[in-house]
Amino acid sequence: MAPTVDDLRNEIRVATGRHERLVSTGFTKEALAAICGDLGYDVGDGQLPTKELMRAEIRARVGLVDHADPDAEGDAFRKADLEAIAEALGED
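The rules we used
Residues numbered from 1 in each chain as written. Predicted model: local features only at pLDDT ≥ 70, side-chain atom pairs only at ≥ 80, totals over all residues. Heavy atoms only, no water. Axes fitted to C-alpha atoms, helices over the stretch in contact; angles between N-to-C directions. Helix = DSSP H or I, 4+ residues; strand = E, 2+ residues; numbered from the N terminus. Parallel < 35°, antiparallel > 145°, perpendicular 65-115°, else oblique. Left-handed = near helix turned anticlockwise from the far one by under 90°. Contact = heavy atoms within 4.5 Å. Nonpolar A, V, L, I, M, F, W, Y, C, P; charged D, E, K, R; others polar. Core = buried A, V, L, I, M, F, W, Y, C linked by side-chain atoms within 4.5 Å. Buried < 20%, exposed > 50% of the residue type's maximum accessible area, 1.4 Å probe, protein only. Salt bridge = Lys/Arg side-chain N within 4 Å of Asp/Glu carboxyl O.

(A) Fine view of the packing of helix 1 (residues 5-15) against helix 5 (residues 79-90). One can describe the packing of helix 1 onto helix 5 by two numbers: an axis separation of 9 Å at closest approach and a directional angle of 30°. Considering their axes alone, helix 1 and helix 5 lie roughly parallel with respect to each other. Here helix 1 runs over helix 5; the crossing is left-handed. Taking contact as the criterion, the partners of Val5, Leu8, Arg9, Glu11, Ile12 and Ala15 in helix 1 are, on helix 5, Lys79, Leu82, Glu83, Ile85, Ala86 and Leu89. Its residues placed into classes, the contact of helix 1 with helix 5 shows eight nonpolar, no polar and four charged.

Next comes the structure, spelled out in structure tokens:
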């Protein structure tokens, strides 16, 4: 059976040192920052970038888009996005 979106999100959370969630929920800014960090994108100290920017940067880092454009690629992750992110994090 193929993993669900919730399964993929939890796999990504665990791969970045976060805790699994028992209920269906998207990524928090802190979870997105952890994913960014594991993919080599430094979100800096202090105030975190917007969720849209971090999602766009994650897509670029895993090869889903050529460059990070939060206006075009900042929406919530789809299942194919989550699969690519989980695969990229699993390669470490």
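(B) Structural detail: the nonpolar core. Of all hydrophobic cores here, the largest spans 22 residues; its most connected members are Ile12, Phe27, Ile58 and Ile85. At the level of elements, helix 1, helix 2 (29-38), helix 3 (51-61) and helix 5 are the ones that each hand at least two residues to this core. If one sorts the elements of this core by residue count, helix 5 sits on top with six residues.

(C) Broad picture of the pattern of salt bridges. Across all of its chains, the model carries four salt bridges by this definition. Taking the shortest distance from any N to any O, the salt bridge between glutamate 57 and arginine 61 comes out at 2.8 Å. One end of the pair, glutamate 57, and the other, arginine 61, are both in helix 3, four residues apart, so they sit about a helical turn from each other. Given the relative accessible area of 39%, arginine 61 is considered partly exposed. Of the charged contacts in the structure, one is a salt bridge between arginine 59 and aspartate 81, with a shortest N-O distance of 3.0 Å.

By themselves, these are just geometric observations and shouldn't be taken as functional.
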